[in-house]
Amino acid sequence: MKSILFTSILLLLIGCGSDRDQYQQEQTEEQTLRSAFEGSFLIGTILNHRQIFGQDQRGQDLAVREFNAVTAENVMKWENIHPEPGVYDFDAADTMIDIAEENGMFVVGHTLVWHSQTPDWVFYDDEGELLSREALLERMKDHIETVVGRYKGRVHGWDVVNEAIVDDGTMRDTYWYRIIGEDFLVKAFEYAHAVDPEAELYYNDYSLEIPSKREGAIRLVEYLQENDAPITGIGTQGHFMLDFPDLEEIEKTITDFAALGIDVMVTELDIDVLPPAFDYMGADVSASAEMREELNPYPDALPDSVQQQLTDRYRDIFEIYLRHSDDITRVTFWGVTDGDSWKNNWPVSGRTNYPLIFDRNWEPKPAYHAIIELAEEHR
Ligand code: G3I
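Here's a quick rundown of the structure. (Residues numbered from 1 in each chain as written. Predicted model: local features only at pLDDT ≥ 70, side-chain atom pairs only at ≥ 80, totals over all residues. Heavy atoms only, no water.)

**Things to note about the overall build of the chain**
If you tally the helices and strands in the chain, you get 14 helices and nine strands. Against the globule reference of 21 Å for 379 residues, the chain gives a C-alpha radius of gyration of 20 Å, in line with a compact fold. C-alpha extents for the chain along the principal axes are approximately 60 × 60 × 40 Å. Counting across all 379 residues of the chain, residues that qualify as buried make up 56%. Long-range pairs, those at least 24 residues apart, make up 78% of the contacts in the chain with a sequence separation of at least 6. Total accessible area on the chain is roughly 15300 Å²; 46% of this is exposed by carbon and sulfur atoms. (Helix = DSSP H or I, 4+ residues; strand = E, 2+ residues; numbered from the N terminus. Rg over C-alpha atoms; globule rule 2.2 N^0.38 Å. Buried < 20%, exposed > 50% of the residue type's maximum accessible area, 1.4 Å probe, protein only. Contact = heavy atoms within 4.5 Å. Areas by Shrake-Rupley, 256 points an atom, 1.4 Å probe, with all protein chains shown as cover.)

**Looking at the nonpolar core**
Grouped together as the largest cluster of nonpolar side chains are 107 residues, with contacts concentrated most on W158, Y314, F318 and Y321. Beyond its immediate chain neighbours, meaning those up to four positions away, F318 contacts F37, F41, I43, L269, V331, F333, I371 and L374. (Core = buried A, V, L, I, M, F, W, Y, C linked by side-chain atoms within 4.5 Å.)

**Points about unusual backbone geometry**
The phi torsion of most residues other than glycine is negative, and most of the peptide bonds are trans. The omega torsion of the bond from H110 to T111 falls at 5°, within 30 degrees of zero and hence cis. Within the secondary structure, T111 sits in strand β3 (residues 106-114). The omega torsion across F244 and P245 is -5°, close enough to zero to call that bond cis. With respect to the helices, strands and loops of the structure, P245 is situated in the loop between β7 (239-241) and α12 (247-258).

**Let's talk about the environment of R292**
Relative to the elements of secondary structure, R292 occurs in the loop between β8 (263-272) and α13 (304-323). Spatially, the C-alpha atoms of R292 and R351 are 9.7 Å apart, while their sequence positions differ by 59 residues. Within the structure, R292 has its side chain in polar contact with the side chain of E294 (distance 3.0 Å). (Polar contact = N/O pair within 3.5 Å; in protein donor to acceptor, adjacent residues only side chain to side chain.)

**Here we look at empty space enclosed by the protein**
Taking a probe equal in size to a water molecule and rolling it over the atoms shows the remaining empty space. Counted under the stated rule, the structure contains five cavities of 30 Å³ or more. Of the voids in this model, the largest cavity is the one considered here, and its volume is about 90 Å³. Lining the largest cavity are 14 residues, and of these M241, D272, Y280, W346 and P347 lie nearest its centre. Considering only residue class, the lining of the largest cavity consists of 10 nonpolar, one polar and three charged. (1 Å grid on protein atoms, 1.4 Å probe; cavity = no way out; pocket = protein on both sides within 12 Å on 5 of 7 lines; lining within 4 Å. Points joined across faces, edges and corners; volume = space filled by probe spheres on them. Nonpolar A, V, L, I, M, F, W, Y, C, P; charged D, E, K, R; others polar.)

**With respect to the packing of aromatic side chains**
Taken as a whole and judged by the stated rule, the model has 17 aromatic pairs. Ring plane angle 40° and centroid distance 5.9 Å describe the contact between W78 and W176, whose orientation is recorded as tilted. In this pair, W78 sits in helix α6 (residues 78-81) while W176 sits in helix α9 (residues 175-180), placing the two residues 98 residues apart along the sequence. Taking the relative accessible area as the measure of exposure, W78 reaches 2% and is therefore buried. Considering the side-chain rings of Y314 and F318, the 6.5 Å spacing of their centres and the 40° angle between planes classify their relative orientation as tilted. (Phe/Tyr/Trp six-rings, centres within 6.5 Å; stacked < 30°, edge-to-face > 60°.)

**Side note on the site of the ligand**
In the vicinity of the ligand lie 14 residues, with E73, K77, H110, E163 and E268 positioned nearest. One of the side-chain N or O atoms of N74 is found 3.0 Å from an oxygen atom in the ligand. Within the contact set of the ligand, an oxygen atom lies 2.9 Å away from a side-chain nitrogen or oxygen of W334. For the ligand, whose unbound accessible area comes to 780 Å², protein coverage reaches 51%. Of the residues in the shell around the ligand, the class split is four nonpolar, six polar and four charged. (Near = heavy atom within 4 Å.)

**Some remarks on the packing of helix α11 (residues 211-226) against α12**
The axes of two packed helices give the description: the angle between them and the distance between them. Look at α11 against α12: their axes get within 11 Å of each other, and the N-to-C directions meet at 10°. Between α11 and α12, the crossing angle belongs to the class labelled roughly parallel. Listed contacts from α12 to P211, R214, A217 and I218 of α11 are E249, K252, T253, D256 and F257. Split by residue class, the contact of α11 with α12 holds four nonpolar, one polar and four charged. (Axes fitted to C-alpha atoms, helices over the stretch in contact; angles between N-to-C directions. Parallel < 35°, antiparallel > 145°, perpendicular 65-115°, else oblique.)

**Side note on the side chain of D338**
Topologically, D338 is positioned in the loop between β9 (328-333) and α14 (366-378). With relative accessibility at 1%, the residue D338 sits in the buried group. Among the polar contacts listed, one links the side chain of D338 to the side chain of K365, at a separation of 2.7 Å. Those residues within four positions of D338 in sequence are excluded, and the remaining contacts are N344, N353, Y354, P355, L356, F358, D359, R360 and K365.

**Quick word on the side chain of N296**
Tracing the chain through its elements places N296 in the loop between β8 and α13. A polar atom in the side chain of N296 sits 2.9 Å from the backbone nitrogen of T352. The contact partners of N296, leaving out residues within four places of it in the chain, are M291, G350, R351 and T352.

**With respect to α13**
With 20 residues, α13 extends 28 Å from end C-alpha to end C-alpha; this agrees with the ideal 28 Å at 1.5 Å per step. The set of residues buried in α13 consists of V306, Q307, L310, T311, R313, Y314, I317, F318, I320, Y321 and L322. On the buried face of α13, the contacting elements are β1 (42-47), β7, α12, β8, β9 and α14. (Expected span 1.5 Å × (residues − 1).)

**Re the pairing of β8**
Counted residue by residue, β8 has nine buried out of 10 residues, so it is predominantly covered. Bridge analysis of strand β6 (residues 233-236) against β8 gives four bridges, and the strand direction is parallel. From the neighbouring strand, G233 faces β8, where its bridge partner is D263. Pairing geometry for β7 and β8, over three bridges, is parallel. Bridging across to β8, H239 finds its partner in D270. Bridge count between β8 and β9: four bridges; the pairing is parallel. Paired with V266 across the two strands is V331, which belongs to β9. (Pairing = 2+ DSSP bridges.)

What follows is the structure in structure tokens.
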């Protein structure tokens, strides 16, 4: 880490520091996550629609005070930013980027090419027939050129392709894959790079701690590299549970990807404290289960014993992240407070979960203090 710090100071001195360096160099007086992790890696969060437009101003205020990187939770997904052919809605993304710039935050665009939250019209022609490979590539290119082009120089990193493989490490059967073939990823990276050559470009996925999926993702990154796709980093989402995955697998995920010579980042960190609704441990948004009382054991408050487990789990995980801070460029939480988390509604709707480090009253939880302490020790 110290070598990165030295390098970034040197780069700043000669006037060509990267965007990331610039956001890590600031000085803040009050103690916050952004000051505690300065010099280690960027520390990020997401903003939802209500926070962007100030209906949850406390959430927005907390986010910009504590974090130095921001990802749009939903407002840059295809169905939101490009809901109909030729119709773009940039309002929420524009507003989020204005907020980020006012507060000196690194901006991540999420996400350009995904099988989910992409309207069906994207894959069909006017006669209702599936598009040809060439026509779908043209549509993908147009979308990427429009969105990346609009935010050139303002969005610093893009989740170019999201969740393209499944747990056994093979390619996910999506319209993108079926119609275009595996090189849809190469093309997506090429199109994004052509529009904004300065932007960092990532492949982003969950459950990379499962060995078969991780190995598939490694093969995918190698395939992209062999085909000269301009990938700069991998996002390991980090949707974890109290007892899954093992710490060894979390650490191996970081070291294995770093060995490929790309940046590694944790892009969607949260820790589910509720009983699993079924065996599946991933983050497939289409999975769902019925509510049963035993699946929602803490509707009013988190018992101290579970709070302690959550704190210990965050401490253990951040020990790993700090140990590998030379390889990790950013750790982003998937939500500002517990009340905002998608985990309250997935895979069971209407539960009360506690997966983050700020509570429903915008107050820091013991896990917040634990990771700040670790970060301070690491400096
Ligand atoms: O805002 C609309 C509202 O107008 C509408 O009435 C209501 C009815 O369904 O839906 C609301 O939109 C919901 C949106 O979240 C905002 O709350 C969508 O239905 C719901 O599908 C959407 O869920 C998001 C999910 O991705 C799918 O896009 C979650 O907030 C978001 O946290 C989650 O994030 C994903 C990452 O993008 C990729 N990795 C996994 C991660 C967790 O699933």
